[in-house]
Amino acid sequence: MATVTADHTATTHGEAAAAASPRSALALHVALAALAGFVNTSIWGLTGGGYFWPVWVWIGLALSVALHAVIRRALRAPAGPRRAFEAHAGGSAILSGLLVMLWALTGSPTFWPIWALLVLAAALAVHALLIAQGWIAPGRERELAERVDELTRTRRGALDVQATELRRIERDLHDGAQARLVALTMQLGRAEEKLADRPEIAQLVRSARVEAGSAIAELRDLARGIAPPVLADRGLTAAVESLGKRSAIPVEVDVDVDRRPPPVVETAAYFVVAETLTNAAKHAGGAPARVWARAGDDELVLEVSDGGKGGADPHGGGLTGLRHRVEALDGKLTVTSPPGGGTLVRAELPCGS
Amino acid sequence: MRVVIAEDLALLRAGIVALLREHDIDVVAQAEDAEGFLRVVGGHKPDLAIVDVRLPPAFTDEGLRAAIEARRRQPGLGVLILSQYVEPVYTSELLASGEGGVGYLLKERVGDVRGFLDAIERVAAGGTALDREVVAELVRERDGGGILAELTPREREVLELMAEGRTNAAIARAMVVKPGAVEKHVSSIFSKLDLPASDDDHRRVLAVLAFLRSA
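Residues numbered from 1 in each chain as written. Chains lettered and ligands numbered in written order. Predicted model: local features only at pLDDT ≥ 70, side-chain atom pairs only at ≥ 80, totals over all residues. Heavy atoms only, no water.

A. Here's a closer look at the interface of chain B and chain A. Contacts between the two partners involve 39 residues from chain B and, on the opposite side, 33 residues from chain A. When chain B packs against chain A, the two sides together hide about 3300 Å² of surface, and 50% of this comes from carbon and sulfur. Looking at the side of chain B facing chain A, the largest losses of area belong to Arg54(B), Gln84(B) and Glu108(B), adding up to 20% of the total buried there. Our count for the chain B to chain A interface comes out at seven salt bridges. Asp61(B) serves as the salt-bridge partner of Arg234(A), at 2.2 Å between the closest nitrogen and oxygen. Counting every contact that joins chain B to chain A gives 16 residue pairs in polar contact (both at pLDDT 80 or more). Going through the elements one at a time, helix H1 (10-22), helix H3 (62-73), helix H4 (88-95), helix H5 (113-124) and helix H6 (132-140) of chain B are the ones with two or more residues in the side of chain B that touches chain A. Of the residues assigned to the side of chain B that touches chain A, the class counts are 17 nonpolar, seven polar and 15 charged. (Contact = heavy atoms within 4.5 Å. Buried area = accessible area lost by both parts, 1.4 Å probe. Salt bridge = Lys/Arg side-chain N within 4 Å of Asp/Glu carboxyl O. Polar contact = N/O pair within 3.5 Å; in protein donor to acceptor, adjacent residues only side chain to side chain. Helix = DSSP H or I, 4+ residues; strand = E, 2+ residues; numbered from the N terminus. Nonpolar A, V, L, I, M, F, W, Y, C, P; charged D, E, K, R; others polar.)

As structure tokens, then:
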């Protein structure tokens, strides 16, 4: 990648530096050619006329100017197939003009250049078609397009893997560490019962059980933070309803998502709602919030609005985090929060494969 | 009391069974998955089913669904759900699933043997046993200036303890007040929530929860 970028910069600079001189060089060329032609024509006039030989001089001068113009035009096109095509077209034009002029000067009754013109035109048409169909794509452009495709695909793949992995970690915690701690509290509870006649030891066992209980609670919060069980179990609609029920403010839920989007999209949508409702509960002064979501064939759109005082900072930590999450999926997050006008957070998440 | 248990993790299942048998509770059958659970419930007609929310084969909420289905097949079956997490959506579904006692406890509550056995007794008798975290979620749900805002902090506390399924006497003990004070709070709560008072603790709790769910 680095070399491609360097290359590109060099080309751009070269073009910029040369931009002023070719124009004046061509103008000078035209002026000199006109002067030479005029001098020759004058000599012909002064030497008594006769056969108008300066016509050949004029043709030669015109040819040199035309070549100059074509080369200049081709060099202004980006390097690669586009420049080759410009050169091809310019060359064909010069050759056609030359042939027609020769025909005119020789005064032949048949328009013999027609065959050459047809062949030139056909060749040019084929070349143009090849470029239009993308069979000859400009090298760097094609390389970059392929790279973008590849990066989009692999980024999405990485995010899919991550979402699936997080759910697996949640399940491993549930069946592993959490389950063992639960078994531990059960055993400690039974031990505590059997120590009714040794209250001081029973008290120790009891505090051990309470500690184990705290560890379980912390693991539970951690698990919910990485992959809420209800989202994996029931999907977005139930998970958003659950968020609404847990929220400290009244939440109206209008979510209609029949087909389940991929886990990574579902999780992003969930966290947009969770974070926004948390913000609303903190800043909207108890005003009710509303969650709306619809899923189309290739996009999930969701809106979370509240009737609070607005004025949310779209570049605040929480919203920036959400924006990153959404943009990583090629989605869009918009925040509308005029002072005094409530806050609306809208996320558009592509969910096609 | 005849009990069936559905829990896929052998470690936990063995622990619960051992605990119950030490206290002369008759564990008539055990199941590892939802299908097996429905089969043993059909075969043994127990008084109470203790069910883990997450069961094979998909390890999502099969246990909860199976428990609700079991209640549909055997009306009045007491169901005590054990889970490693509190989920208001699941609690609401369970509470809406018809007749009979229901409970939803976090698994680690089993370590509080006395409290766990009390919960089993209550649910088997047709009452409720909701984890304090479940109650906190259900109550917080209505925290945003709703009708619950009219309750005093003391009354809120009484309501939460009631929702866990405790009797007035137990609430009085928990709050270290006289039973008469609790009764006063309870009737005040009912008048504020516009619920007709009743002698039956469990029906009162269900009425309160119905209000919480529907508000």
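B. Broad picture of the pairing of strand E4 (residues 332-336) of chain A. Residue and element names in this part refer to chain A. Burial along E4 is one-sided: Leu 333 and Val 335 are buried, while Lys 332, Thr 334 and Thr 336, pointing the other way, are not. Summarising the sheet, E4 and strand E5 (residues 343-350) pair through five bridges and their orientation is antiparallel. Bridge pairing links Thr 334 to Arg 346 in E5. Hairpin connection, E4 to E5: the antiparallel pair is bridged by six residues, and Gly 340 has positive phi, about 80°. (Buried < 20%, exposed > 50% of the residue type's maximum accessible area, 1.4 Å probe, protein only. Pairing = 2+ DSSP bridges.)

C. Summary view of the nonpolar core. Core analysis: the largest hydrophobic core is formed by 74 residues, its most contacted members being Phe37(B) and Ile81(B). Here this core takes 11 residues from helix H11 (residues 263-283) of chain A, the largest share from any one element. Membership of the second largest hydrophobic core comes to 32 residues, among which are Leu181(A), Leu219(A), Ile16(B) and Leu82(B). (Core = buried A, V, L, I, M, F, W, Y, C linked by side-chain atoms within 4.5 Å.)

D. Structural detail: the packing of aromatic side chains. All names here are of chain A. In the structure shown here, the tally under the stated rule is three aromatic pairs over all chains. Between Trp 103 and Phe 111, the aromatic rings sit 4.8 Å apart at their centres with planes inclined by 85°, giving edge-to-face as the arrangement. On the basis of relative accessible area, Trp 103 is assigned to the partly exposed category, the value being 24%. (Phe/Tyr/Trp six-rings, centres within 6.5 Å; stacked < 30°, edge-to-face > 60°.)

E. Summary view of the sheet that holds strand E1 (residues 251-256) of chain A. Residues and elements named next belong to chain A. Taking strand neighbours across the sheet as the criterion, the five strands line up as E1-E2-E3-E5-E4 in an open arrangement whose pairing is mixed. Each edge of the open sheet carries a strand with a single partner, namely E1 and E4. The mean inter-strand angle of the sheet, taken between neighbouring strand axes irrespective of direction, is 10°. Of the strands in this sheet, E1, strand E2 (289-295), strand E3 (299-306), E4 and E5 touch H11, which is tilted by about 5° from E3. (Axes fitted to C-alpha atoms, helices over the stretch in contact; angles between N-to-C directions.)

F. The arrangement of unusual backbone geometry in detail. Residue and element names in this part refer to chain B. A cis amide bond, omega 5°, links Pro 56 with the succeeding residue Pro 57. Within the element layout of this structure, Pro 57 appears in the loop between strand E3 (48-52) and H3. Although it is not a glycine, Asp 24 adopts a positive phi angle of roughly 60°. Structurally, Asp 24 can be placed in the loop between H1 and strand E2 (26-31). The phi torsion at Lys 45 lies on the positive side, around 45°, for a residue other than glycine. Within the secondary structure, Lys 45 sits in the loop between helix H2 (34-44) and E3.

G. Local environment of the side chain of Ser97(B). Residues and elements named next belong to chain B. Considering the arrangement of structural elements, one finds Ser 97 in the loop between H4 and strand E5 (102-106). Residue classification places Ser 97 among the buried residues on the basis of a relative accessible area of 15%. Within polar-contact distance, the side chain of Ser 97 engages the side chain of Arg 71 at 2.8 Å. Looking at Ser 97, its side chain comes within polar contact range of the main-chain oxygen of Leu 94, at 2.6 Å.

H. Just the packing of helix H4 (residues 81-106) of chain A against helix H5 (residues 113-132) of chain A, in detail. Residues and elements named next belong to chain A. At a closest axis distance of 10 Å, the pairing of H4 and H5 adopts a crossing angle of 170°. If you check the angle between H4 and H5, you find them roughly antiparallel. Taken together, the residues of H5 that come into contact with H4 (itself represented by Pro 81, Arg 82, Ala 84, Phe 85, His 88, Ala 89, Ser 92, Leu 95, Ser 96, Leu 99, Val 100 and Trp 103) are Pro 113, Ala 116, Leu 117, Leu 120, Ala 123, Leu 124, His 127, Ala 128 and Ile 131. Its residues assigned to classes, the contact of H4 with H5 comprises 16 nonpolar, four polar and one charged. (Parallel < 35°, antiparallel > 145°, perpendicular 65-115°, else oblique.)

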